[in-house]
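Per-entry structural report
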Amino acid sequence: MILFIYRYLFGYLYVRIKSENPEKLLNLCATNGIGIWRVSIKNNLIYFKIGIASFKKLRIFKRKVPCKIHITKKVGLPFFIAKNKKRYGFIAGFIIFIATIYFMSGLVWNICISGNKNIKSSEILASLNKIGIYEGAFIKDINPEDKRNELLLEQKGLSWAAINIEGAKVTVDVNETKASENDADFASNFVSMEDGVIKKIEVKRGITKVKVGDVVQKGQLLVSGVEEYDDGTVNFTRSMGNVYAEVNYSFETVQPLKVTEFIKTGEVKTRKILDFYGLKIPLFLGGMEEPYVTAIEQPKISSGNSYLPIKIISKRFYKTEETTYELRKEQAEARAINAAEERVKKLINNGEIITKNHTITTKGENLIVKTEIKCLKDVVFEEKLLLDTSN
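Residues numbered from 1 in each chain as written. Predicted model: local features only at pLDDT ≥ 70, side-chain atom pairs only at ≥ 80, totals over all residues. Heavy atoms only, no water.

Next up on the list: the sheet that holds strand 5 (residues 110–114). Across the sheet, three strands lie side by side as 5-7-6; this open sheet has mixed pairing. Each having just a single partner strand, strand 5 and strand 6 (158–166) make up the two edges of the open sheet. Going from strand to strand, the sheet's axes swing by 15 degrees on average, the running direction of each strand aside. As paired elements, strand 5 and strand 7 (residues 169–176) share five bridges and run parallel to each other. Note on strand 7: the bridge partner recorded for Cys112 is Thr171. Where helix 6 (residues 121–130) meets the sheet, its contacts fall on strand 5, strand 6 and strand 7, and the angle it forms with strand 5 comes to roughly 130 degrees. Packing against the sheet, helix 7 (residues 144–154) makes contact with strand 6 and strand 7, and its axis sits at approximately 150 degrees to strand 6. (Pairing = 2+ DSSP bridges. Helix = DSSP H or I, 4+ residues; strand = E, 2+ residues; numbered from the N terminus. Axes fitted to C-alpha atoms, helices over the stretch in contact; angles between N-to-C directions. Contact = heavy atoms within 4.5 Å.)

As paired strands, strand 2 (residues 36–42) and strand 3 (residues 45–51) are joined by five bridges and run antiparallel to one another. Its bridge partner lying in strand 3, Lys42 is registered against Leu45. The hairpin turn running from strand 2 into strand 3, its antiparallel successor, is two residues long, and Asn43 in that turn takes a positive phi close to 60 degrees.

In this section: helix 8 (residues 329–348). The first and last C-alpha atoms of helix 8 sit 28 Å apart over 20 residues, in line with the 28 Å expected at 1.5 Å per residue. Of all the positions in helix 8, only Ala332, Ala336, Ala340, Val344 and Ile348 are classed as buried. Down the axis of helix 8, the sector holding all buried residues measures 120 degrees, keeping them to one side. The exposed set on the far side of helix 8, more than 90 degrees from its buried face, consists of Asn338, Lys345 and Lys346. Buried residues along helix 8 sit against strand 15 (240–256), strand 20 (352–363) and strand 21 (366–378). (Expected span 1.5 Å × (residues − 1). Buried < 20%, exposed > 50% of the residue type's maximum accessible area, 1.4 Å probe, protein only. Arc of directions from axis to C-beta.)

Read from one edge to the other, the open sheet built from four strands follows the order 2-3-1-4, with strand pairing classed as antiparallel. Strands with a single pairing partner mark the edges of an open sheet, and in this sheet they are strand 2 and strand 4 (67–75). Between one strand and the next, the sheet's axes are offset by a mean angle of 20 degrees, whatever the strand orientation. Here helix 2 (residues 22–31) sits on the sheet in contact with strand 1 (12–19), strand 2 and strand 3, set at roughly 170 degrees to strand 2.

Following this line, the structure appears as structure tokens:
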């Protein structure tokens, strides 16, 4: 294969020679180091292949062995260039093609993620994008060791990561952090994330700084990870446990009585899009004048196998119609209370509701639900201690 490529690059000829003494001609070629191959003799005709440089020497032997030399075919890059040297568009296209291949070989084609179980690959991919690793990024700008450290800082929940570059593919192997009560590899305090009244304390490690009945404010120290002893020594530990407080919330939810919505009609149009290194290029003409909501078919993230960074994806356009209608009072109340309940779930965060009250009023064209709740919840926020170990 290598010999074929060499011969093609420098060019070679198919030659037919008519001679009364073909054996003598072949001996002269062998004696003078002229390389010929695929030799065959039929009657007084010799057929073989020969390089361009060797053919120039072959013509000298016509004086020693009378013969007629004919070139039947020319093969190779020199003849191809000579034939197309005036076809400037073709030459320009060929140069652009070679330059494009060279340029693309320096870009990231694939990102393959493995080792993750609880953290979604899409989340890791988003973190990689933030630190400069994405399809189309320059490989020369990626230092695997530096990017590994940046990924661990960016993506919480990873205990270890390895980034490797394999040609145009970037492989990312990760290990997730294992939650464990015995994990005390850093020191921390507990601070309150809400204003409230302390009702219950369950501290397993650390120094408690509050007691039941205390009124605390957001950001106040609850449990200290700094343990000071009578002999003057200090120990740093990771605080563990729970501190429960009674917390009050009050908020309003506004629900208009007249609602304008875009409702799907059921008509769907699908269009193709070229995804080129993350750049999405529409493969259709014209626009969508009518109101539509869209959804793009997201490509799968590879877990190890290589894939082309150029793919065709589908974008769906769901036709909608603008509809305005009046809500009955009970409908508006149901919507407002449902929205308020969703907000309550987020606020109490697995806490226990003690009291809850919804007050409904109407103001102009809006229905207003005022919600007041009292709940018991864990108000602990863990705050890492930054220790200076330089000395």
